[in-house]
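One letter stands for each residue in the lines below.
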Amino acid sequence: PLHTLITGASSGGKGILIKSFISFYSGEKVFYKTKVTPEAFAYFKPKENNWNGKLLLLDDIGYNTLNSDVLKVLMSDGLKTLATINMKGQEIEILGRPIVFITTTENTPKLEILNRLVILNVNESREQTENIKKNKSKKAMEGLVESYNREMLEELKNLNKVFVMIPYANLIEE
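These numbers come from a predicted model, not from an experiment.

Is there a simple way to think about unusual backbone geometry in this case?
Excluding glycine, residues mostly carry a negative phi; peptide bonds, for their part, are mostly trans. The backbone of Asp60 shows a phi angle near 55°, a positive value even though the residue is not glycine. Along the chain, Asp60 turns up in the loop between β3 (55-58) and α2 (63-66).

Written as structure tokens, this is what we have:
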């Protein structure tokens with residue numbers, strides 16, 4: 001899966017981007033969290049104990065969580081953790097891996113995390129802000145409401161992963 005880190009100043013629009021993105025997916029596939037401790041991923045899991053096909057959206061997480069070993073492994077392979085629970089060593093296995101979206105203001109990921117993420121920076125320029133205000137006021141004056149085709153969104157939610165064999169893929173290398 002492709003994991004994404006969205007960076008920008010406080011109140012720069014990162015949360016709006018995440019919430020807009022969430023609107024395309026059904027509730028049971030989306031896990032939106034705003035406060036996460038570094039070790040939480042070792043214990044937290046979807047009902048069916050499988051992260052495949054799920055979105056994990058982490059809004060404004062801190063440095064320690066962003067750079068935690070547990071998040072790194074979750075973004076790579078799934079988790080097989082040995083933890084102490086009630087004074088006993090217990091193995092916890094969490095299958096699959098989610099697609100992770102993270103927003104942060106000032107935190108910098110370590111190299112181990114960085115190479116698992118695509119980084120997007122929010123355009124906070126005065127020009128961008130003016131363009132957004134003009135666009136919104138134009139739509140308001142014309143009585144237009146921003147909306148998505150609900151039927152199309154439902155169809156997108158029903159898409160399944162399909163494995164495709166590309167017979168001449170080796171020619172791409174040349």
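We are not done yet, so read on.
Would you mind showing me how to read the environment of Arg97 here?
By the secondary structure assignment, Arg97 is in the loop between β5 (88-94) and β6 (99-104). Since its relative accessible area comes to 29%, Arg97 is described here as partly exposed. Along the chain, Arg97 and Leu74 lie 23 residues apart, while their C-alpha atoms are 5.9 Å from each other. From its side chain, Arg97 meets the backbone oxygen of Ser76 in a polar contact 3.1 Å long.

Before we go on, may I ask you to explain the side chain of Asp59 in this structure?
Its place among the elements puts Asp59 in the loop between β3 and α2. For Asp59, a relative accessible area of 13% corresponds to the buried category. Side chain to side chain, Asp59 and Thr103 meet in a polar contact 2.5 Å long. Once residues lying within four places of it in the same chain are set aside, the contact partners of Asp59 are Gly15, Tyr32, Lys33, Thr34 and Thr103.

Looking at this structure, I do not really get the sheet that holds β3. What am I missing?
Where strands meet in a sheet, backbone hydrogen bonds hold them as pairs that are either parallel or antiparallel. The strand order across the open sheet built from 5 strands is β2-β3-β6-β1-β7, with neighbouring strands paired in parallel fashion. In this open sheet, the two edge strands, each paired with only one partner strand, are β2 (30-33) and β7 (117-121). Neighbour-to-neighbour, the strand axes of this sheet turn through a mean angle of 15°, independent of strand direction. Alignment of strand β1 (residues 3-7) against β7, held across 5 bridges, turns out to be parallel. Paired with Thr7 across the bridge in β7 is Asn121. Where helix α1 (residues 14-22) meets the sheet, it contacts β1, β2, β3 and β6, and its direction lies at approximately 155° from that of β6.

How do you make sense of the pairing of β6 when you look at a structure like this?
In regular strands, side chains alternate between the two faces of the sheet. Taking burial as the measure, the 6 residues of β6 include 5 buried ones, the bulk of the element. Pairing between β1 and β6: 4 bridges, direction parallel. Of the residues in β6, the one forming a bridge with Leu5 is Ile102. Strand direction decides the pairing type here: β3 and β6, joined by 4 bridges, are parallel. Paired with Leu58 across the strands is Ile102, a residue of β6.

Whenever I open this one, the packing of aromatic side chains confuses me. Can you help?
Each aromatic ring pair is described using two quantities: the centre-to-centre distance and the angle formed by the ring planes. In this structure the tally under the stated criterion is 1 aromatic pair. Aromatic side chains Phe31 and Trp51 sit 5.0 Å apart centroid to centroid with 70° between the ring planes, which places their arrangement in the edge-to-face category. Within this pair, whereas Phe31 is found in strand β2, its partner Trp51 is found in the loop between β2 and β3, the two being separated by 20 residues in sequence.

Conventions adopted
Residues numbered from 1 in each chain as written. Predicted model: local features only at pLDDT ≥ 70, side-chain atom pairs only at ≥ 80, totals over all residues. Heavy atoms only, no water. Helix = DSSP H or I, 4+ residues; strand = E, 2+ residues; numbered from the N terminus. Buried < 20%, exposed > 50% of the residue type's maximum accessible area, 1.4 Å probe, protein only. Polar contact = N/O pair within 3.5 Å; in protein donor to acceptor, adjacent residues only side chain to side chain. Contact = heavy atoms within 4.5 Å. Pairing = 2+ DSSP bridges. Axes fitted to C-alpha atoms, helices over the stretch in contact; angles between N-to-C directions. Phe/Tyr/Trp six-rings, centres within 6.5 Å; stacked < 30°, edge-to-face > 60°.

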